[in-house]
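Chain residues, written in single-letter form:
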Amino acid sequence: MPITRVSDLADKAQCPLLVIKVGSALLVGRDGVRREWLAGLVAEIAGVRARAQQVIVVSSGAIALGAATLRLEKGGRGSLADAQAAAAVGQIALSGLWADLLGSHGLTAAQILLTLEDLEDRRRYLNVTATLTRLLDAGAVPVINENDSVATNEIRFGDNDRLAARVAQAAQASAVLLLSDIDGLYDRHPKEPGARMIPVVEGVTPEVHAMASAESNSGLGSGGMVSKLQAAEIAELAGISLVIANGQHDRPIARVTEQGIGTLFLPRRKAGARKAWLGGRLRLKGSLVVDPGAAAALLRGSSLLAKGITAVEGVFERGDPVAIIDAEGRVLAHGLSEYDAAECAAITGLHSTEQAAVLGYAPRSSVVHRDQMVLK
Ligand code: GLU
């Protein structure tokens, strides 16, 4: 049963595994770490664990903390090199803090630092899943952050919102709670008169995206509402509920579960785990443009054949994720290509009987098989 009310987050049966993401602005204040606040949150996490629910923490704050120590300008976000240096310094303090505070409740913290690629590559993704499962079975509380010191611009999540959603997917969590400095999603800029918080969102539609305001960004982290909605989309596709709530108050988890203050994004459908992984991938290597006949066939559940392709964009290898788009550029599906880009281009528009001569070997049954495809 998917979670349909925020109070379900406190229910062991509905929510056996909860991912809690803590934003930088909550953890780091003007005078450094907000230890007292974090102690309060950790006490709540201990309460969740006492109800026999499992918890994974995704903690931001390494860059903000390290920047303060190294006295770097712009909170350490002035350049990639600054962010990497700041994260290296801040992460030690951050994990020490979590280990210390969780330890005071008899809980063992386990640090995992991940890059985007760890969750994009199928083999590494499954590895992360196995490690998390083992840690949870052993009773530890995984505390996860992006490995900012080695992640470069091109291969970064950059925000822990999407990281939290991907971690939830890898760990097959029931829900994600994004704690930040805003109560939830508002229908317009929250400071505008008449702004209303939306309690439940069914589907992150273009209208929902339009509500997100970049100005809801605190400046300390890198998220803002835009990345929270992207996280909600990943979760939605993976069949996981996601809640955006304000962590600035006392007992922020109880504020969500008991007072119901927050925005709940309902999962859309329960895609198979592999398809969910595919659909949540962020780094597509190219696109296959298809004609209207092929587009219609895809929507009916068919595989993509070379005959229906009109153009190939990007450079990709066999097995790489690509977007399947129509002539107007609308994304119809994501899938794994059976051919590299050059081969795709060579067989574009060709019937299967014509392909062997071009390829020099017997063609595969399709360019993107429907089992390796997720419709958007
Ligand atoms: N990984 C970053 C850090 O620890 C935070 C990313 C974010 O702001 O979401 O500082």
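To start, this report covers the structure provided alongside it. Sequence order as written defines the numbering, with residues in each chain counted from 1. Residues qualify for local features only when their pLDDT is at least 70, as the model is predicted, and side-chain atom pairs are given and counted only at 80 or more; totals for whole chains, interfaces and linings, by contrast, use all residues. Values shown for side chains rest on all heavy atoms present in the structure; no hydrogens or waters enter the calculation.

A few words now on the pattern of salt bridges. Pairing between side chains becomes possible if they bear opposite charge and their charged atoms approach one another. Within this document, salt bridges are pairs made up of a side-chain nitrogen of Lys or Arg and a carboxyl oxygen of Asp or Glu, the two lying within 4 Å of each other. Throughout the structure, instances matching the rule amount to 14 salt bridges. Between D118 and R124 there is a salt bridge, with the nearest N and O atoms lying 2.9 Å from each other. Salt bridges linked by common partners bring K21, D161 and K228 together as one network.

On to the environment of A46, then. Helix and strand assignments come from DSSP, with helices taken as H or I runs of at least 4 residues and strands as E runs of at least 2, each series counted from the N terminus. With respect to the helices and strands, A46 occurs in helix α2 (residues 35-50). Placed 155 residues apart in sequence, A46 and V201 show a C-alpha to C-alpha distance of 29 Å. Dropping the residues within four chain positions of it, A46 is found in contact with H105 and L107. Contacts are assigned to residue pairs that have any heavy atoms within 4.5 Å of one another.

This part covers the environment of Q54. Relative to the assigned elements, Q54 resides in strand β4 (residues 54-59). For Q54, a relative accessible area of 24% corresponds to the partly exposed category. Sequence separation of Q54 and K12 is 42 residues, and the distance between their C-alpha atoms is 8.8 Å. Leave out the neighbours within four places in its chain, and Q54 touches P16, L17, L18, R49 and L136. Exposure categories follow from relative accessible area, calculated using a 1.4 Å probe and restricted to protein chains: below 20% of the type maximum is buried, above 50% is exposed, and the middle band is partly exposed.

This paragraph deals with the sheet that holds strand β11 (residues 286-290). Strand pairing in a sheet is mediated by backbone hydrogen bonds. Such pairs are either parallel or antiparallel. We call two strands paired when DSSP finds no fewer than two bridges between them. Ordered by their spatial adjacency, five strands build an open sheet running β12-β11-β13-β14-β15, and the pairing between neighbours is mixed. In this open sheet, the two strands that pair with only one neighbour each are β12 (309-314) and β15 (373-375). Averaged over all pairs of adjacent strands, the angle between strand axes in this sheet comes to 20 degrees, irrespective of strand direction. Pairing of β11 with β12, which is carried by five bridges, proceeds in the antiparallel orientation. Along β12, the bridge assignment pairs V289 with A311. All axes here are fitted lines through C-alpha atoms, helices being fitted over the stretch that makes contact, and every angle between N-to-C directions spans 0 to 180 degrees.

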